[in-house]
Amino acid sequence: MGVGFQCDGSLVATCGGDAFVRVWDLRTGMCIAVLEGHVKQAVGLDWSPNGFMFATSSDDNTVRVWDLRKKKTITVIPAHSTLISCLKYEKQNGDFLVTGAFDNTCKVWSLRRSQWSLLHTLSGHEGHVISLDISHDNRVLVTAGYDRTWKVWADESVLDELLRTQQEDKGGMDAEGTTMSVDP
């Protein structure tokens, strides 16, 4: 069960256990599109900053990128080997998409020449990844997992800055210096 507002707030898209994606016009209260494609429950949804494309994630191990103008899937990404619980577009151009899944990983996808390709696989959680978000400047990715930790993913200079300003020392840096893990 995913839900997301389009950038101007006039549309909202929903997805759920029936595997359908619905787009609602909040000005009229009407459903303007029912989109079919996933074969199992759809659980995550995020709009591209362009306002006419959005992506959904599913228990069928795929991400579907939809074009609302065409009212159909334009790309299917076989992103993980398990349920894809969450996903987010980067907030400036929508050229990157991050997915999190029950295989305990996050993957960063890059849009080049109208094709999505895997850029990075982020491993570190010992449980399912259940939530993620990207900072507004696209410099930091935060993930949360069933392992009761959240992780901050960024380049080393950004993490050094975060560690210097951290008020409580409840977490630590990994061996590569690429993530910071904090126990709640």
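It should be noted that the structure appears before, not after, this text.
Residues numbered from 1 in each chain as written. Predicted model: local features only at pLDDT ≥ 70, side-chain atom pairs only at ≥ 80, totals over all residues. Heavy atoms only, no water.

Turning to the pattern of salt bridges, a few remarks are in order. Within the structure shown, the criterion is met by 4 salt bridges. Put simply, Arg27 and Asp25 hold a salt bridge, and the shortest N to O gap is 3.0 Å. Under the relative-accessibility criterion, Asp25 is labelled buried at 11%. A salt bridge links Arg69 to Asp67; its shortest N-O distance comes to 2.8 Å. Asp67 gets classed as buried once you look at its relative accessible area, which sits at 2%. (Salt bridge = Lys/Arg side-chain N within 4 Å of Asp/Glu carboxyl O. Buried < 20%, exposed > 50% of the residue type's maximum accessible area, 1.4 Å probe, protein only.)

Attention shifts here to the sheet that holds strand β8 (residues 72-77). On the basis of which strands lie adjacent, the open sheet formed by 4 strands has the order β5-β6-β7-β8 and antiparallel pairing. For this open sheet the edge positions go to β5 (42-47) and β8, each flanked by a neighbour on one side alone. Adjacent strand axes in the sheet meet at a mean angle of 25° when their direction is disregarded. By the bridge criterion, 5 bridges tie β5 to strand β6 (residues 53-58) in an arrangement that is antiparallel. Residue pairing for β6: Asp46 is matched across the bridge by Ala55. (Pairing = 2+ DSSP bridges. Helix = DSSP H or I, 4+ residues; strand = E, 2+ residues; numbered from the N terminus. Axes fitted to C-alpha atoms, helices over the stretch in contact; angles between N-to-C directions.)

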